[in-house]
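# Coordinate inspection notes
Letter by letter, the chains look like this.
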Amino acid sequence: MAEKITVSIIKADVGGWPGHALVHPELKVIARNELEKAKGKDIIDYYVSNCGDDLELIMTHRKGADNEDIHRLAWDTFIAATEKAKELKLYGAGQDLLSDAFSGNVKGMGPGVAELEFTERKAEPLVAFFMDKTEPGAFNLPIYKMFADPFNTIGLVIDPSATQGYTFEVWDIKEHKRVFMDCPEEMYALLALIGAKSRYVIKRVYPREGGKLPADEPVSAISTEKLYEIAGDYVGKDDPVALVRAQSGLPALGEVLEPFAFPHLVSGWMRGSHNGPIMPVAQSNAKCTRFDGPPRVVALGFQIANGRLVGPVDLFDDPGFDNARDLAKDVADYMRRHGPFEPHRLPLEDMEYTTMPKVLNKLKDRFQPVE
Ligand code: F6R
Ligand code: MG
Ligand code: MG
């Protein structure tokens, strides 16, 4: 039995440069130094990146998901980067570190986490996605398309090792409950949930029995941490990350990327309070400067070789995504012309998780009964 490998992305915004635009390069140097010290000990390999103001740590190891050593390594790395962010007076230094002391797992402490433990195949292609200026539910539409929509993934129709479909693990992030749903049979019910992306979020995808891959090893994982829920107050956006394995019984690399040719509307732009198109960009363009956005997604591709990260390839650095970017620019213009009006501004229920309650509170004594 081959040894299992775990790939972990742990991310946090520990300071923006300037404002909420980018991660300062010195923070990435610090992160690389910290992870280099752990290489060959707790971790096999690592890659440090950013999407906008989010510092992204990709680590491979043999310790499984939710491992204390790995989470502590990420936490200590964010603490070290925060010290530099404070020295440079970066914006919101340490903003996603919502607790003073590490207690075994970064979950519930601010950072976002996506982890996959699996038996490494003969060839193991993996894509790491990072988003900025949006929320975990922004992955619902693309993940659904990859693993359930035959108009996106032709493999669901013509690859005998994929026709049995996939199982989706969906979290109700308000009630803190989860449900497993099989596709294609439960596709309509699945869409009833995940179309409401601010509440029902795809957490993991599993192969089904009868396919090429073990049904108990997830093939995709998405971070679902909600900062508002942790902090109890608006402290910024829960910019999500995801991992997706590809090929040989799974969606092909091109089927994994194809959903992003449509820049769908997501929430989280400007003050976490606006809907806007998610723009697929090369890593060098992952900086959010127009109205603090528009929201971005970056895709880095790797082959995994005994835990070694062979890559990355900057997958949206491709003219094939130019039309998506052009459409995103037009949609951004169109949405912006609504200014403070819905549906550019989020509906009132979602504004509850921003600074809006404070504005309403200021007005509360001014309201009088209508005759
Ligand atoms: C941050 C974000 C930004 C900020 C905005 C205001 O994730 O989306 O749009 O909300 O720049 O930031 P403050 O209130 O810190 O001035
Ligand atoms: Mg920020
Ligand atoms: Mg961010």
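Look up: the structure comes first, before these words.
Presented here is an overview of the structure given in this document.

Rules used throughout
- Residue positions are counted from 1 within each chain, in the order its sequence is given.
- Here every chain gets a letter starting at A, and every ligand a number starting at 1, in the order they are written.
- Given that the model is predicted, a residue must reach a pLDDT of at least 70 before its local features are reported, and side-chain atom pairs must reach 80 or more before they are shown or counted; all residues, however, enter totals for whole chains, interfaces and linings.
- Computation of side-chain values covers all heavy atoms of the structure but excludes hydrogens and water.
- Only nitrogen, oxygen and sulfur atoms qualify as donors, provided they sit within 2.8 Å of the metal or within 3.2 Å for Na, K and Ca; with water excluded from the atoms, sites may seem incomplete.
- Labels follow the DSSP assignment, with helices taken as runs of H or I lasting at least four residues and strands as runs of E lasting at least two, numbered in each case from the N terminus.
- Each residue is placed in one exposure class: buried if its accessible area under a 1.4 Å probe, protein chains only, is under 20% of its type's maximum, exposed if it is over 50%, and partly exposed if it falls in between.
- Working definition: the arc comes from the directions between the helix axis and the C-beta atoms, pointing outward to the latter.
- Contact criterion: two residues are considered in contact whenever any of their non-hydrogen atoms come within 4.5 Å of each other.
- Should a side-chain nitrogen of Lys or Arg be within 4 Å of a carboxyl oxygen of Asp or Glu, the pair is scored as a salt bridge.
- Here a strand pair is declared whenever DSSP counts at least two bridges between the two strands.
- The angle between two axes is taken between their N-to-C directions and runs from 0 to 180 degrees, where each axis is a line fitted to C-alpha atoms and a helix contributes only its stretch in contact.
- In this description, a nonpolar core means a group of buried Ala, Val, Leu, Ile, Met, Phe, Trp, Tyr and Cys residues linked to one another through side-chain atoms lying within 4.5 Å.

So, about the coordination of the magnesium ion (ligand 2). Distances from the magnesium ion (ligand 2) to its protein donors, Asp13 (OD), His20 (ND1) and Asp53 (OD), fall within 1.9 to 2.2 Å. Written as a sequence motif, the donor residues of the magnesium ion (ligand 2) are D-x6-H-x32-D. In this structure, the magnesium ion (ligand 2) lies 4.7 Å away from the magnesium ion (ligand 3), the two metals sharing aspartate 53 as a donor. Residue aspartate 13 is located in the loop between strand E1 (4-12) and helix H1 (25-38), and its partner aspartate 53 is located in the loop between strand E2 (45-51) and strand E3 (54-61); the two are separated by 40 residues in the primary sequence.

Note on the magnesium ion (ligand 3): its protein donors are Asp53 (OD), Asp54 (OD), Asp132 (OD) and Asp239 (OD). The metal-donor distances range over 2.0 to 2.3 Å. When the donor residues of the magnesium ion (ligand 3) are listed from N- to C-terminus, their spacing reads D-D-x77-D-x106-D.

With that settled, the discussion passes to helix H5 (residues 187-194). Each α-helix winds once per 3.6 residues, and so residues spaced three or four apart point in a common direction. Looking only at H5, the buried set comprises Met187, Leu190 and Ile194. Seen along its axis, H5 keeps its buried residues to an arc of 60°; they face one direction. When the buried face of H5 is taken as reference, the exposed residues oriented beyond 90 degrees from it are Tyr188 and Ala192. For H5, the elements touching its buried residues are helix H3 (140-148), strand E6 (166-172), strand E7 (177-183) and strand E8 (200-207).

Here we take up the pattern of salt bridges. In this structure the tally under the stated criterion is 25 salt bridges. In this structure, aspartate 69 engages lysine 63 in a salt bridge whose closest nitrogen and oxygen atoms are separated by 2.7 Å. Given a relative accessible area of 33%, aspartate 69 falls into the partly exposed group. Where aspartate 172 meets arginine 199, a salt bridge forms, and the shortest distance between an N and an O atom there is 3.0 Å. Of the two residues, aspartate 172 sits in strand E6 while arginine 199 sits in the loop between H5 and E8, which places them 27 residues apart along the sequence.

Read across the open sheet, the four strands follow the order E2-E3-E1-E4; overall the sheet is antiparallel. Of all the strands in the sheet, just E2 and strand E4 (112-119) have a single pairing partner and so form its edges. Across the sheet, the mean angle separating the axes of adjacent strands is 15° when strand polarity is ignored. As judged from the seven bridges shared by E1 and E3, these two strands associate in the antiparallel manner. If you follow valine 7 over to E3, its bridge partner there is threonine 60. Here H1 sits on the sheet and contacts E2 and E3; the angle it forms with E2, its principal contact strand, is near 165°. Contacts from helix H2 (residues 68-87) reach E1, E3 and E4 within the one sheet, and its direction differs from that of E3 by about 150°.

On to the nonpolar core, then. Among the nonpolar cores identified, the biggest contains 39 residues, and Phe129, Ile143, Phe147, Phe168 and Phe260 are the most heavily contacted of them. No other element matches H3, which puts five residues into this core. Beyond its immediate stretch of four places on either side in the chain, isoleucine 143 contacts Phe168, Ile202, Val205, Ser220, Ile222 and Val244. Among the nonpolar cores identified, the runner-up in size contains 27 residues, and Ile70, Trp75, Phe78 and Val113 belong to it.

Next up on the list: the pairing of E2. The buried fraction of E2 is high, at six of seven residues. In this sheet, E3 lies alongside E2 in antiparallel orientation, the contact comprising seven bridges. Residue serine 49 lies in a different strand from E3, and its bridge partner there is glutamate 56. Taking the residues between adjacent antiparallel strands as the criterion, E2 and E3 are bridged by two residues, where glycine 52 takes a positive phi near 55°.

Turning our eyes to something else, we now look at the environment of proline 295. Relative to the assigned elements, proline 295 resides in the loop between strand E13 (279-280) and strand E14 (296-305). Distance in space between the C-alpha atoms of proline 295 and aspartate 322 is 16 Å, their sequence separation being 27 residues. Setting aside residues up to four positions removed in sequence, proline 295 forms contacts with Asp132, Lys133, Thr134, Val266, Trp269, Gly276, Pro277, Ile278 and Met279.

A word on unusual backbone geometry. Each neighbour pair has its own omega, and for glycine 311 with proline 312 the value is 10°, a cis peptide bond. Relative to the assigned elements, proline 312 resides in strand E15 (residues 308-314). Positioned with a positive phi, lysine 89 is a non-glycine residue whose angle comes to about 50°. Mapped onto the fold, lysine 89 is located in the loop between H2 and E4.

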